[in-house]
Amino acid sequence: KENKLNMSDEFLQVHGFTNRNITIVELMSTVHPDDVKMVRESQKAALDGVRPYDIIHRIIRQDNGEERIIHGKGTVSFDENGKPYKAIGSAQDITEKVKSEAALKESETQLRIITDNLPVIISHLDKDFKYLFANKYYYEKGDFHTDITGKNAIDVLGEASFKHALPNMKRALAGESVNFESRTTHGNSDELRVFEINYIPNIVDGVVESFFVLGIDITKRKQAEEQLTKAKDKAEESDQLKTEFINNMSHEIRTPMNGILGFSSILGTPNLTDEKKKHYINIIQNSGNQLLHIIDDILEISKLGTRQVKTIETEVCLNDLLLEHFSVFDIKAKEHGTPLYLHKGLSDHESLLLIDATKLNKILSNLLENALKFTSEGCIEFGYIQKDKELEIYVKDTGIGIKLEKQETIFKRFSQEEKSLTKNVGGLGLGLSIAKENAHLLGGKIIVKSEKGKGATFTITIPYKPVNSKIQNDTSQKVPEKDEKQPDTFTILIAEDEEVNYLYLEILLQDMERNVSLIHAKHGLEAVEICKKSKEIDLVLMDLKMPRMKGIEATQLIKEFRPELPIVAQTAYSTTNERQQAFLAGCDDFISKPIRAETLKGILKKYLKKKQQ
């Protein structure tokens, strides 16, 4: 009310006044021109009772004109009518403090710039495991999207990671420098990273106040070390494989040599019967063939290793080539008691193609040898199908199978899935390696699908290069599938467990004046299932002696749901009793083996009538 100013000496000193008798106008004249508006607004707010007077602003000292920074505070008293009647305030010169804080902030900014550009995790935690600082790299590697300053480590890292790190944190707070490796995923991804972590205690006057965390990403270094270790192991494995190969080769060569030399000397023994001589000569010949096969494999893998082997393509009928392999391996399969089946995916005309027959023969020979070697129960099937411009040639068995983790290893030289198998079944471990490299030379590839104990299927995919110009040029024309029937094309189901008999019938039927599509059932049960699914079958040639289900029983079941389907019994036995059983079961006709072409032609003429257009 009286507009009097009472100022202490310190207050006057802050503003540079020497005279105590100053007015409010004189006091306001010391406020920096740029801050006058801000000061007046703060004064008005205090006088209106909105908020206390609390402001930092600049002044220009009255005595020397020096610019200073002061922190002004004040409170206003109000009368019973709410009118201000008194104000008490203070002014503190904080110029040096502000400069120090600014310098400190600048230093922190510079430090932040430096630490943020270092490819090193840097963080600072206090004794309560609260974050005081973390650099940009730490945020990136931890995938943190909000400020973690002041947060507890358990909230930032998660309970599991915190518990894992806690023992080392406690060691750091006990004054110990800690160094260890940590493996973690990168943020939310599955990428595994390896860090070398250092916990460094921050000791002030002999007391640990906090600790620093430094982490260096050593993932690439670890990967390099692992690669070196793998290379070393691979080299050692390769050396071991070669040692085993040499030892195995010694065994494989000595075995047939013992047979050759041993029985050659026995042949000189007096008074040997002709039967024994014949038997011993057979052993010598088999041993010689075995030795020749070993030598061929060694020479073949040596030639392939030079990378100078070239393909020589000639015109080859793939069906004939497969039939030759069947005729050779069917004898071996019968000796093992293992049925061998052949599937041809194209007609002879369509299977005439350009290929290096020698290399394809080596692939098939090795795969069929392996299939026979490792199949003691079930059957073996080989053949091919056409898919667009490729042929998929396969060898499928029901043998011991291959573990998933070994399915790449078996194609390496000198390798077999199990080392113990070498002793049981023999071999140098070169067959699949030879097959793979020859498949590459043919412009294709070889893969295996297998399950341990459930057999294996090896598939060679090669380019389809038909010789016939019409097929070769008309790429839009696809070879019809079995179930794509052409006009006047008849579908015949041949139920026959002996593959040789099926192939014989196939050859006879191809020479007939009828367009036929053949389906092969290997036993009676399969014949029943095929007839249920394939309504387009026009005729069944049913062998009466088959495994799993005999032809008589299969005929009875088929006639129950397809009584109009002609079924012709075929058997090597032609007794009156067997004929009666066949007709009683529902067979429409009966032919005896060996089947003559004229007899089969008559059957076709009788039961395959011209289709209605």
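Definitions and cut-offs
- Residue positions are given per chain, counted from 1 along the sequence in the order it is written.
- Note on the predicted model: pLDDT of at least 70 is required for a residue's local features to be given, and 80 or more for side-chain atom pairs to be given and counted; whole-chain, interface and lining totals, by contrast, use all residues.
- Values reported for side chains reflect all heavy atoms of the structure, with hydrogen atoms and water molecules removed beforehand.
- Within 6.5 Å between ring centres, the rings of Phe, Tyr and Trp (the latter by its six-membered ring) count as paired, and their orientation is classed by plane angle as stacked under 30 degrees, edge-to-face over 60, tilted in between.
- Three labels apply to residues, based on accessible area from a 1.4 Å probe with only protein chains included: buried if under 20% of the type maximum, exposed if over 50%, partly exposed otherwise in between.
- If DSSP finds at least two bridges between two strands, the strands pair.
- The numbering of helices and of strands both runs from the N terminus, where a helix is a DSSP run of H or I of at least 4 residues and a strand a run of E of at least 2.
- For every residue, the pLDDT score states the predictor's confidence, bounded by 0 at the bottom and 100 at the top.
- Contact between two residues is taken to exist if any of their heavy atoms lie within 4.5 Å; hydrogens are not considered.
- Orientation is described by axes fitted as lines to C-alpha atoms, over the contacting stretch for helices, and by angles from 0 to 180 degrees between their N-to-C directions.
- To count toward a patch, a residue needs a relative accessible area over 30% and no salt bridge; like charges are then connected within 9 Å, while nonpolar side chains (Val, Leu, Ile, Met, Phe, Trp, Tyr) are connected within 5 Å.
- All accessibility values rest on the Shrake-Rupley procedure with a 1.4 Å probe; residue burial counts only the protein chains present in the view.
- The term salt bridge refers to a side-chain nitrogen of Lys or Arg lying within 4 Å of a carboxyl oxygen of Asp or Glu.
- His is not counted, nor are the chain ends; Lys and Arg add positive charge and Asp and Glu add negative charge.
- A single reference atom marks each charge: NZ on Lys, CZ on Arg, CG on Asp, CD on Glu.
- Think of a nonpolar core as a cluster: buried Ala, Val, Leu, Ile, Met, Phe, Trp, Tyr and Cys residues, connected wherever their side-chain atoms sit within 4.5 Å.
- The cut-offs work like this: below 35 degrees is roughly parallel, past 145 is roughly antiparallel, 65 to 115 is roughly perpendicular, and the gaps in between are oblique.
- Crossings are sorted by hand: turned counterclockwise from the far helix by less than a right angle, the near helix makes the crossing left-handed, and turned clockwise it makes it right-handed.
- Under the scheme applied here, ten amino acids are nonpolar (Ala, Val, Leu, Ile, Met, Phe, Trp, Tyr, Cys and Pro), four are charged (Asp, Glu, Lys and Arg), and all others, including Gly, are polar.
- The arc in question is formed by the directions pointing from the helix axis toward the C-beta atoms.

Turning to the packing of aromatic side chains, a few remarks are in order. Evaluated as defined, the whole model comprises seven aromatic pairs. Ring geometry for tyrosine 138 and phenylalanine 144: centres 5.7 Å apart, planes at 35 degrees, overall tilted. Judged by centre distance (6.4 Å) and plane angle (85 degrees), the ring pair of tyrosine 139 and phenylalanine 144 falls under edge-to-face. An identical accessibility class is assigned to tyrosine 139 and phenylalanine 144; each is buried. Connected via pairs of aromatic rings, a cluster forms that spans Tyr131, Tyr138, Tyr139 and Phe144.

This next bit is on the pairing of strand E5 (residues 131-134). In this structure, strand E4 (residues 120-126) lies alongside E5, joined through three bridges in antiparallel fashion. Residue pairing for E5: serine 123 is matched across the bridge by alanine 134.

This brings us to the confidence of the model for the chain. Scored by pLDDT, the chain comes out at a mean of 84, with 86% of its residues at no less than 70. Low pLDDT (under 50) marks residues 419-426, which in the prediction has 14 contacts with non-local residues, meaning those over four places away or in another chain. Segment residues 470-485 is flagged for pLDDT under 50; beyond a separation of four residues in sequence, or across chains, it makes 21 contacts in the model.

Next up on the list: the side chain of arginine 562. Tracing the sequence through the fold places arginine 562 in the loop between helix H17 (551-561) and strand E19 (567-571). For arginine 562, a relative accessible area of 8% translates into the label buried. In this structure arginine 562 touches Cys531, Ser534, Lys535 and Ile537, once residues within four positions along its chain are discounted.

To continue, consider the sheet that holds strand E12 (residues 380-387). Here five strands make up an open sheet; going across it, the order is E10-E12-E13-E15-E14 and the pairing mixed. A strand with exactly one partner marks an edge of an open sheet, and here the two such strands are strand E10 (340-343) and strand E14 (445-450). Pairs of neighbouring strands in the sheet enclose a mean axial angle of 15 degrees, with direction left out of account. Note: E12 against strand E13 (residues 390-397), eight bridges, orientation antiparallel. Looking at E13, one finds that glutamine 386 is bridged to leucine 391. The strands touched by helix H11 (residues 357-373) are E10, E12, E13, E14 and strand E15 (456-463); relative to E13, the strand with the most contacts, the crossing angle is about 25 degrees.

This next bit is on a negative patch on the surface. Negative charge collects at one region of the surface, where Asp320, Glu324, Asp348 and Asp511 lie side by side. Within the secondary structure, glutamate 324 sits in helix H10 (residues 318-336).

Another aspect to go through is the pattern of salt bridges. Taken as a whole and assessed by the stated rule, the structure comprises 29 salt bridges. One salt bridge in this structure joins arginine 61 and aspartate 63, with 2.9 Å as the shortest N-O distance. Salt bridges here are not isolated pairs; linked through shared partners, they connect Glu181, Glu196, Arg221, Lys222 and Glu225.

Right, let's talk about the nonpolar core for a bit. Phe458, Ile492 and Leu539 are the most contacted members of the largest nonpolar core, which has 60 residues in total. Excluding residues that lie within four positions of it along the chain, phenylalanine 458 makes contacts with Leu367, Ile393, Tyr394, Val395, Ile402, Ile410, Phe411, Leu432, Ile446, Ile447 and Val448. Among the nonpolar cores identified, the runner-up in size contains 23 residues, and Ala134, Leu166, Met169 and Ala172 belong to it.

Here we have three strands laid out as an open sheet, ordered E1-E2-E3, and antiparallel in their pairing. The strands lining the two open edges of the sheet, one partner per strand, are strand E1 (53-60) and strand E3 (84-93). Between one strand and the next, the sheet's axes are offset by a mean angle of 30 degrees, whatever the strand orientation. By the bridge criterion, nine bridges tie strand E2 (residues 67-78) to E3 in an arrangement that is antiparallel. What sits directly across from glycine 74, in E3, is glycine 89. Against the sheet, helix H3 (residues 36-47) touches E1, E2 and E3, its axis set at about 150 degrees to E1.

Attention now goes to the packing of H17 against helix H18 (residues 576-585). Close contact between H17 and H18 brings their axes to 8 Å; oriented N to C, the two are set at 20 degrees. As far as their axial angle goes, H18 and H17 are roughly parallel. Regarding H17 and H18, the two cross each other, and that crossing is right-handed. Residue-level inspection shows Ile552, Thr555, Gln556 and Lys559 of H17 in contact with H18, the latter providing Gln581, Ala582 and Ala585. Its residues assigned to classes, the contact of H17 with H18 comprises three nonpolar, three polar and one charged.

Our next topic: the environment of glutamate 513. Residue position: glutamate 513 is located in the loop between helix H15 (499-510) and strand E17 (515-521). Along the backbone, glutamate 513 and lysine 601 are 88 residues apart, and their C-alpha atoms lie at a distance of 8.8 Å.

Cis geometry is adopted by the peptide bond preceding proline 594, which originates at lysine 593 and carries an omega value of -5 degrees. Among the structural elements, proline 594 can be located in the loop between strand E20 (589-592) and helix H19 (597-607). The backbone phi angle of asparagine 271 is positive, close to 65 degrees, even though this residue is not glycine. One can find asparagine 271 in the loop between helix H8 (219-267) and helix H9 (274-305). When its relative accessible area of 79% is taken as the criterion, asparagine 271 is described as exposed. In this structure, aspartate 388 takes a positive phi of about 55 degrees despite not being glycine. Looking at where aspartate 388 falls in the secondary structure, it is placed in the loop between E12 and E13.

In this section: the pairing of E15. By the criterion of burial, E15 is predominantly enclosed, with six of the eight residues buried. Alignment of E13 against E15, held across eight bridges, turns out to be antiparallel. Across the sheet, the residue bridging to valine 395 is phenylalanine 458, located in E15. As paired strands, E14 and E15 are joined by six bridges and run antiparallel to one another.

So, on to the environment of asparagine 515. Inspection of the secondary structure assignment puts asparagine 515 in strand E17. For the pair asparagine 515 and threonine 489, spaced 26 residues apart in the sequence, the C-alpha separation amounts to 4.7 Å.

Residues Leu600, Ile603, Leu604 and Tyr607 constitute the buried set of H19. With its buried residues spanning 95 degrees around the axis, H19 presents them on a single face. What points out from H19, more than 90 degrees from its buried face, is the exposed set Glu598 and Lys605.

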